[in-house]
Amino acid sequence: MKKGALGIAHNIFNYLPVESPKTAPPKFLRTPNDQTGVQGGVASFICQATGDPRPKIVWNKKGKKVTNQRFEVIEFDDGSGSVLRIQPLRTPRDEAVYECVASNTVGEISASTRLTVLREDQLPSGFPTIDMGPQLKVVERTRTATMLCAASGNPDPDISWFKDFLPVNTSNNGRIKQLRSGALQIEQSEESDQGKYECVAMNNEGTRYSAPANLYVRGRKTHCLLCNAIHICLVLNLYHIVRRVPPRFSIPPTDSEIMPGGSVNITCVAVGSPMPYVKWMLGTEDLTPEDDMPIGRNVLELTDVRQSANYTCVAMSTLGVIEAVAQITVK
């Protein structure tokens, strides 16, 4: 009798409904917008989705998964989505309909967007122009860093920011704010703020990206050993305060005359405390990569020079920016 009762109870238990875990199909949080870019420039499409399980996001071009060295997919740190970045833009090969597909075990959704790429000579008169882009900046931790950006166009373009190819969120009234001027202000800077920043100007005529600029966040040298090292620490801190010197050129670049097709090396050395970063420019074009900028000394190697030009050496630190020009004359 007891055995039978137990058997019945066992059978009833087998037929009790088992509550399944909650699931939800994908739902878009943000979908990509149509863009008009300029040849040689950048386009970024943003796609974010939620769901349970977390949706996987795939980017397609003309129905096929994107595969190209100029196409890069950067995922958000929280796994909510990704950015499809295309650089440099090429016309007409990049002009197409792109698709963001979000899928999980419950369902699949997609959103499409169109990219148009124009040559410089095709740009409408109101197409955005970056009048002043961000520059390399070095800031001490806990200090405020401001990355500048100014743009013009018709209508006036909206400005947004990207850090390490992902959009910067300035809408939560936290440490990171976008000023009315378009500049990005980072209060109480942390090492996590360090990275490559771009400002983006967009209106209904198109989208233009600034050249990238690195922000470096330095740790403040206030730590030291306890007890009998306190005196040494105070002396070192005093030394750092006394030794803060703006950049100056110890070996400025010099002018040179060369034959057509000739080669020349231009040396530029700057000192200061902190030691300045040194880069070369030709007009408004940066010749030194932002992510590989030397400190103190930079040698510009020119080969097969065919025309005269002025090359500018720029030395910069948290205490200032200085410039010196070398004129290269082809005779």
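Residues numbered from 1 in each chain as written. Predicted model: local features only at pLDDT ≥ 70, side-chain atom pairs only at ≥ 80, totals over all residues. Heavy atoms only, no water.

Participant: When you look at the layout of surface pockets in this model, what are you seeing that I'm missing?
Facilitator: Empty space left among the atoms is revealed by rolling a probe the size of a water molecule over them. Counted as a void, the largest pocket has a volume near 650 Å³. Residue lining of the largest pocket: 30 residues in total, with Y209, S210, A211, P212 and T284 positioned closest to the centre. At the level of elements, β10 (129-132), β18 (195-203), β19 (206-209), β24 (277-282) and β25 (285-286) are the ones that each hand at least two residues to the lining of the largest pocket. Here the lining of the largest pocket gets 4 residues from one element, more than from any other, and that element is β10. (1 Å grid on protein atoms, 1.4 Å probe; cavity = no way out; pocket = protein on both sides within 12 Å on 5 of 7 lines; lining within 4 Å. Points joined across faces, edges and corners; volume = space filled by probe spheres on them. Helix = DSSP H or I, 4+ residues; strand = E, 2+ residues; numbered from the N terminus.)

Participant: Sorry, what's going on with the confidence of the model for the protein chain here?
Facilitator: If pLDDT is low for a region, its predicted coordinates should not be looked at in detail. Averaged over all residues, the pLDDT of the protein chain equals 86, while 85% of them reach at least 70. Scored below 50 in pLDDT, residues 1-16 makes 0 contacts in the model with residues more than four places away or belonging to other chains. Here residues 222-242 is modelled with pLDDT under 50, and outside its nearest four sequence neighbours on either side it reaches 9 contacts, counting other chains as well. (pLDDT = per-residue confidence, 0-100. Contact = heavy atoms within 4.5 Å.)

Participant: How do you make sense of the environment of P276 when you look at a structure like this?
Facilitator: Along the polypeptide, P276 turns up in the loop between β23 (262-273) and β24. Sequence-wise, P276 and P246 are 30 residues apart; in three dimensions their C-alpha atoms are separated by 8.4 Å. Beyond its immediate stretch of four places on either side in the chain, P276 contacts P247, A270, V271, P294, I295, G296, A315, M316 and S317.

Participant: Help me understand the side chain of T113 in this model?
Facilitator: Topologically, T113 is positioned in strand β9 (residues 108-118). According to the relative accessible area criterion, T113 is buried, its value standing at 2%. Side-chain polar atoms of T113 contact the backbone oxygen of N33, separated by 2.8 Å. (Buried < 20%, exposed > 50% of the residue type's maximum accessible area, 1.4 Å probe, protein only. Polar contact = N/O pair within 3.5 Å; in protein donor to acceptor, adjacent residues only side chain to side chain.)

Participant: Could you clarify how one ought to interpret the pattern of salt bridges in this entry?
Facilitator: Oppositely charged side chains can pair when the atoms bearing their charge come close. By the definition in use, this model includes 13 salt bridges. In this structure, R218 and E140 form a salt bridge, with 3.3 Å as the shortest nitrogen-oxygen distance. Placement of R218 in strand β20 (residues 213-218) and of E140 in strand β11 (residues 137-140) is noted, with a sequence separation of 78 residues between them. For R218, a relative accessible area of 28% gives the class partly exposed. The closest approach of N and O atoms between D286 and K279, which form a salt bridge, is 3.2 Å. Among the charged side chains, a salt-bridge network with shared partners connects E140, R143 and R218. (Salt bridge = Lys/Arg side-chain N within 4 Å of Asp/Glu carboxyl O.)

Participant: What's the story with the packing of aromatic side chains in this structure? I'm lost.
Facilitator: Aromatic rings in a pair are described by how distant their centres are and how their planes are angled relative to each other. The full count for this structure, using the stated rule, is 4 aromatic pairs. Between F45 and Y98, the ring centres sit 5.8 Å apart and the planes meet at 25°, which makes this aromatic pair stacked. Of the two residues, F45 is situated in strand β3 (residues 43-52) and Y98 in strand β8 (residues 96-103); the sequence distance between them amounts to 53 residues. You can call F45 buried: its relative accessible area is 1%. Y98 gets classed as buried once you look at its relative accessible area, which sits at 0%. (Phe/Tyr/Trp six-rings, centres within 6.5 Å; stacked < 30°, edge-to-face > 60°.)

Participant: What's the story with the side chain of S189 in this structure? I'm lost.
Facilitator: Turning to its location among the elements, S189 is positioned in the loop between β17 (184-186) and β18. Apart from the residues lying within four places of it in its own chain, the contact partners of S189 are V139, E140, R141, T142, R143, R175 and V217.

Participant: For this particular structure, what's the right way to read unusual backbone geometry?
Facilitator: Leave glycine aside and you will find that most residues have negative phi; peptide bonds, for their part, are mostly trans. A cis amide bond, omega 0°, links N154 with the succeeding residue P155. With respect to the secondary-structure elements, P155 resides in the loop between β13 (150-152) and β14 (158-163). Going from S273 to P274, the amide bond is cis rather than trans, its omega being 5°. Among the secondary structure elements, P274 is positioned in the loop between β23 and β24. With phi around 55°, K62 is a residue other than glycine that occupies positive phi space. Note on placement: K62 falls in the loop between β4 (56-61) and β5 (64-65). We classify K62 as exposed; its relative accessible area is 62%. The residue F165 is not glycine, and still its phi comes out positive at about 75°. Structurally, F165 is set in the loop between β14 and β15 (166-167).

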